[in-house]
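Topology and contacts: notes
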Amino acid sequence: MTEHTHEFQAEVAKLLDIVTHSLYSEKEIFLRELVSNASDACDRLRYEALTNPDLIKDDPDFKITISVDEKARTLTIEDNGIGMSEQDMIDNLGTIARSGTSRFSEQMTGDAAKDVTLIGQFGVGFYSAFMVADKVTVTSRRAGEENATLWASEGHGTFVTEAASRDKRGTSIVLHMRKDAKEYLEPARLRQIIKTYADHIAIPVVLKATKEGEEDQTLNTASALWTRPKSEITEEQYTEFYHHVGQAFDSPWLTLHSRAEGRIEYTMLLYIPEQPPFDLFNPERKSRLKLYVKRVFITDDCEELIPAYLRFLRGIVDSEDLPLNVSREMLQHNPVLQKIRNGLIKKVLGELEKKAEKDKESFAKFWSNFGAVLKEGIYEDAVNGERILKMALFNSTASDTQTDLAGYVSRMKEGQDAIFYISGDDLGALKSSPQLEGFAAKGVEVLLLGDAVDSFWLSRISEFDGKPFKSVTRGAADLEKITGAEEAKDETPKADEGEMDRLIALFKTALDGKVKDVRASSRLTGSPVCLVADDGDMDIHLEKLLKAHKQFGGGASLRILELNPKHMLIKKLAASASKNGASDALEDAALLLLDQAHIVEGDPVADPVAFSKRMADFMAESIAV
Ligand SMILES: Nc1ncnc2c1ncn2[C@@H]1O[C@H](COP(=O)(O)OP(=O)(O)OP(=O)(O)O)[C@@H](O)[C@H]1O
C-alpha cells in the first residue's frame with residue numbers, strides 16, 4: 001500500500017512543538033478532547049441519518065469505546081460516528097480546524113513557558129494527544145463508504161496517510177503513550193478522568209475489560225445532561241458541559257437550565273461565559289447556540305434561535321415540537337422557533353435583571369464583558385429594548401463606578417430636564433472634552449458613552465423615564481436653567497457684552513463657509529473655544545462614526561464655534577475687536593481657534609501648512625523682547 005507523506009500546516013507544526021515539549025500540568029485533558037470529538041462525530045452522523053437511515057442501519061447504537069493494551073503501551077479511543085475520508089483527515093488533522101486553536105496559534109510568542117499557559121486558555125483539540133503520546137495513529141472510515149484510511153504521526157513536522165482496512169464505519173485513535181504518561185493506561189485513572197470530564201456526554205463511554213473474566217464497563221451516565229433533573233446535576237457537571245458545548249475553558253458566569261412546558265415544550269441549558277469570547281465583535285455577529293430536536297443535534301448555526309445581541313450565550317436548546325427532519329428552510333420564519341426565541345429572550349433578560357438588582361458587583365463584571373453587545377438590543381429589539389436600557393450601565397462624570405439610568409435620574413439637579421451625555425470612542429478623551437467644563441463647574445453629571453453602539457441606540461431612543469437624552473456637543477447648553485446645583489464659585493469676569501458681540505460678528509465674517517455660527521458659550525470654563533452641533537444636525541460623534549462605517553456620504557456638517565467669554569484670550573480679542581475693528585491678526589486668531597477646536601475633537605487640521613504658518617506668525621507677534 002502506498003504511503004503518502006504530508007507536511008503539517010506551519011502553524012500546526014509550531015503548535016505541536018509546544019504541545020509535545022510542554023510541561024503543561026493538566027495533561028489529562030487530552031482525553032476530554034478526544035472523547036468530545038468522538039461524541040461530536042456521533043452527533044453529526046445521527047443528524048445525517050435522519051435523512052439517510054441506511055448510514056446507521058448495521059450499527060444503530062452509538063458508543064465510544066476506550067481500551068488499553070498495557071504491553072503495547074497503547075490507549076485506543078474508538079467511536080462509531082461519522083468517520084473521516086482521507087481528504088477529511090488531511091484537512092482536519094493537518095491544519096488548524098477549530099477557532100480556539102487558531103486563536104492559540106495567533107497568540108503564540110515563542111516563549112515556551114508563556115505559550116504553555118495558552119493550552120488551558122484555548123484548548124488544542126485533537127493535537128492535545130501529543131501531550132501524552134509520542135506517536136498517534138488514526139484509522140477511520142466514513143459512514144456510507146467502503147474504504148478506510150490510516151493517518152499516523154509522531155508530531156514532528158509531518159504525517160502520513162495510507163489506505164487501510166476497517167470493517168465498520170467510525171474512527172479509532174491509537175495513542176502510543178510516552179513513558180511519563182503511563183498513568184493513563186491504568187483503568188482506575190481512566191475511570192476517574194471520564195467521570196470528571198465526560199459524564200455529560202449523551203452516549204455511552206465504555207471501558208473495555210483488560211482481564212479475563214472482567215466485563216466492559218460504561219463509565220458515564222450517558223443521558224443528555226439537560227434532560228436530567230437539576231437537583232441531580234452538580235456544579236462541576238454543568239461546568240464540564242459548558243466546556244464541551246461552548247468550546248470554552250473558563251467557568252460560566254451564569255448557568256440557566258430550564259424547561260418550558262405547555263403548548264410548546266423545550267429545554268434550554270444556557271451559559272453566560274465569565275470571559276468574553278474573542279470573536280464577540282466579529283462583524284458576522286454569529287451565535288453558537290446549539291439547536292437539538294428531541295435530543296438530536298441539528299445545527300449550531302441558526303440565526304432564528306437567538307437574536308444577535310445575545311450571541312455571547314453558549315449552550316443548547318432542545319425542542320420537542322420541531323420535526324426531526326427539520327431543514328434550514330423550515331427554520332426560517334418557523335412559528336415554533338419564534339416562540340422559543342421569545343421565551344429564551346424573556347428568560348435571559350429576566351435573569352440579568354435579577355442579577356442587576358441583587359448582585360450589583362457581579363452584574364457590573366458581566367456588563368463590562370458583554371454590555372456593548374447587549375446594548376445592540378436597545379435599538380434592534382422593539383419589544384425588549386427598553387428592558388435592556390433599564391439595566392444598562394454607563395460611565396459618568398459623577399464617579400468611577402458605572403451607573404444605571406435610574407441612578408442618574410435620581411441625581412439630576414433642580415431645573416435639569418435632560419439626561420446629558422457625551423459620546424465618542426475614547427473614554428479618556430471624552431473625560432477631558434471642553435464641552436464638559438460648564439457641566440462640571442455646576443456639578444451636573446454627564447454620561448460618558450464610549451461604545452460605538454451608543455450612538456446607534458441614541459439615534460433611535462429619545463428618552464428615559466420621560467427625560468430626553470441630550471448631547472452636550474449639540475444645541476445650546478441650558479445650564480443657566482439648572483439651579484439646584486452646588487455651583488463652584490467662579491468669580492472670573494466675562495468680556496463686555498458689546499465687545500463680545502463685535503468679536504462674534506468679526507469671527508463670523510472671518511469664518512464664513514467654515515462654521516455654521518459663532519456664539520458665546522455657557523458650557524466652557526477653562527478652554528477658549530469648542531465646537532458643537534446645531535440642534536437639528538447630527539451629533540458630531542455619530543457623524544464621524546457613520547463616516548468611518550461608510551454609511552454617511554455627505555460632506556462634514558458645519559459646526560457652531562462657541563467662544564468662552566471668561567477666557568483671557570477671548571477677552572483680549574473682544575477688546576481689540578471693539579477698539580480696532582477688523583484686522584489681519586483677528587482673522588488669523590479666528591482661523592487658529594477654529595483649527596484648535598477641531599484638534600481637540602480629534603479631527604485633522606484642514607490645511608496644516610497654513611495652520612503652522614499662522615501659528616508661528618502669531619507667536620512671533622506676541623513675544624516681547
Ligand atoms: N473522532 C472523530 N471522528 C470524526 N472526525 C473527527 C474526529 N476527531 C476529530 N475529527 C475532525 O477533526 C477536526 C479537528 O478536531 P479538533 O479537536 O482539533 O477541533 P474541533 O473538534 O473542531 O474543535 P473542538 O474540539 O473545540 O470542538 C474536527 O472538527 C473533526 O472534523
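Whatever comes next refers back to the structure up there.
A short tour of the structure in this document, coming up. None of the values given here were measured: they were computed from a predicted structure.

What counts and how
Residues numbered from 1 in each chain as written. Predicted model: local features only at pLDDT ≥ 70, side-chain atom pairs only at ≥ 80, totals over all residues. Helix = DSSP H or I, 4+ residues; strand = E, 2+ residues; numbered from the N terminus. Buried ≥ 20, exposed ≤ 12 C-beta atoms within 10 Å, placed from the backbone. Pairing = 2+ DSSP bridges. Axes fitted to C-alpha atoms, helices over the stretch in contact; angles between N-to-C directions. Parallel < 35°, antiparallel > 145°, perpendicular 65-115°, else oblique. Contact = placed C-beta atoms within 7 Å.

Even without being glycine, His333 reaches a positive phi, approximately 50°. Secondary-structure assignment places His333 in the loop between helix 8 (328-331) and helix 9 (335-358). Residue classification places His333 among the exposed positions, given that 9 C-beta atoms sit within 10 Å.

Taken in spatial order, the 5 strands of this open sheet run 10-11-14-12-13, and their pairing is mixed. Bordering the open sheet on either side are strand 10 (252-260) and strand 13 (296-299), each of which pairs with just one other strand. In this sheet, adjacent strand axes meet at a mean angle of 20° when their direction is disregarded. Note: strand 12 (residues 290-293) against strand 14 (residues 314-319), 4 bridges, orientation parallel. Looking at strand 14, one finds that Lys290 is bridged to Ile316.

Covered by surrounding structure in strand 12 are Lys290 and Tyr292 together with Leu291 and Val293, the residues of both alternating faces. By the bridge criterion, 3 bridges tie strand 12 to strand 13 in an arrangement that is antiparallel. Bridging from a neighbouring strand, Val293 pairs with Val296 of strand 13. The hairpin formed by strand 12 and strand 13 contains 2 residues between the paired strands, and Lys294 there has a positive phi angle of roughly 45°.

Packing of helix 17 (residues 497-510) against helix 20 (residues 584-600) leaves a shortest axis separation of 9 Å and a crossing angle of 75°. Classified by the angle their axes make, helix 17 and helix 20 are roughly perpendicular. In this structure, helix 17 contributes Leu506, Phe507 and Ala510 to the contact, and helix 20 contributes Leu586, Glu587, Ala590 and Leu591.

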